[in-house]
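Inside the fold
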Amino acid sequence: RETKLRIYAEHAIPTYVIVNLRERVVEVYTQPLAEAGRYGRASTLRAEDDVVIPMPEGEPLRVKAASLLP
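Structure report, in brief. No experiment lies behind these values; they were computed from the predicted model shown.

1. Here we look at the side chain of Thr 15
- Its location among the elements puts Thr 15 in strand β1 (residues 15-20).
- A residue is classified by how much of its surface remains accessible, and Thr 15, at 18% relative accessible area, is buried.
- Dropping the residues within four chain positions of it, Thr 15 is found in contact with Val 28, Tyr 29, Thr 30, Ile 53 and Pro 54.

In structure tokens form, the structure reads like this:
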């Protein structure tokens, strides 16, 4: 988690998503701070929440977190 998050942020990957099966949540990281090697915004979503992933063009992708969790 920490290593990939840092690498993705440093390379300005706009969105980093972790499907955390142990805790049954979806973690969404946005707003990469490349120089700091971290993301400026983090959200932890439960099964009843919508996961909203910004897309470079057009409408954001919306998925129910429950559809990603067992």
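Next comes the rest of the description.
2. Description of the environment of Leu 61
- Relative to the elements of secondary structure, Leu 61 occurs in strand β5 (residues 61-64).
- As for Leu 61 and Asp 50, which are separated by eleven residues in sequence, their C-alpha atoms are 9.8 Å apart.
- Discounting chain neighbours no more than four positions away, the residues touching Leu 61 are Val 51, Val 52, Ile 53 and Met 55.

3. Observations regarding the nonpolar core
- Val 26, Val 28, Leu 45, Val 51, Ile 53, Ala 65 and Leu 69 form the largest nonpolar core, which has seven residues in total.
- Those elements that provide at least two residues to this core are β2 (25-33) and β4 (50-53).
- Those residues in contact with Val 51, other than ones at most four positions away along the chain, are Val 26, Val 28, Leu 45, Leu 61, Arg 62, Val 63, Ala 65 and Leu 68.
- By size, the runner-up hydrophobic cluster in this structure holds six residues, among which are Leu 5, Ala 9, Ile 18 and Tyr 39.

4. Points about the pairing of β1
- Note: β1 against β2, six bridges, orientation antiparallel. Across the sheet, residue Val 19 finds its bridge partner in β2, namely Val 26.
- Count of turn residues in the β1/β2 antiparallel hairpin: four residues, of which Arg 24 carries a positive phi of about 55°.

5. Digging into the packing of aromatic side chains
- If you walk through the whole model with that rule in mind, you get four aromatic pairs.
- Considering the side-chain rings of Tyr 16 and Tyr 39, the 6.3 Å spacing of their centres and the 15° angle between planes classify their relative orientation as stacked. Residue Tyr 16 is found in strand β1, and its partner Tyr 39 is found in strand β3 (residues 38-45); the two are separated by 23 residues along the sequence.
- The exposure class of Tyr 16 is buried, given its relative accessible area of 8%.
- What makes Tyr 39 buried here is its relative accessible area of 7%.

Analysis parameters
- Residues numbered from 1 in each chain as written.
- Predicted model: local features only at pLDDT ≥ 70, side-chain atom pairs only at ≥ 80, totals over all residues.
- Heavy atoms only, no water.
- Helix = DSSP H or I, 4+ residues; strand = E, 2+ residues; numbered from the N terminus.
- Buried < 20%, exposed > 50% of the residue type's maximum accessible area, 1.4 Å probe, protein only.
- Contact = heavy atoms within 4.5 Å.
- Core = buried A, V, L, I, M, F, W, Y, C linked by side-chain atoms within 4.5 Å.
- Pairing = 2+ DSSP bridges.
- Phe/Tyr/Trp six-rings, centres within 6.5 Å; stacked < 30°, edge-to-face > 60°.

Structural measurements only, silent on function.
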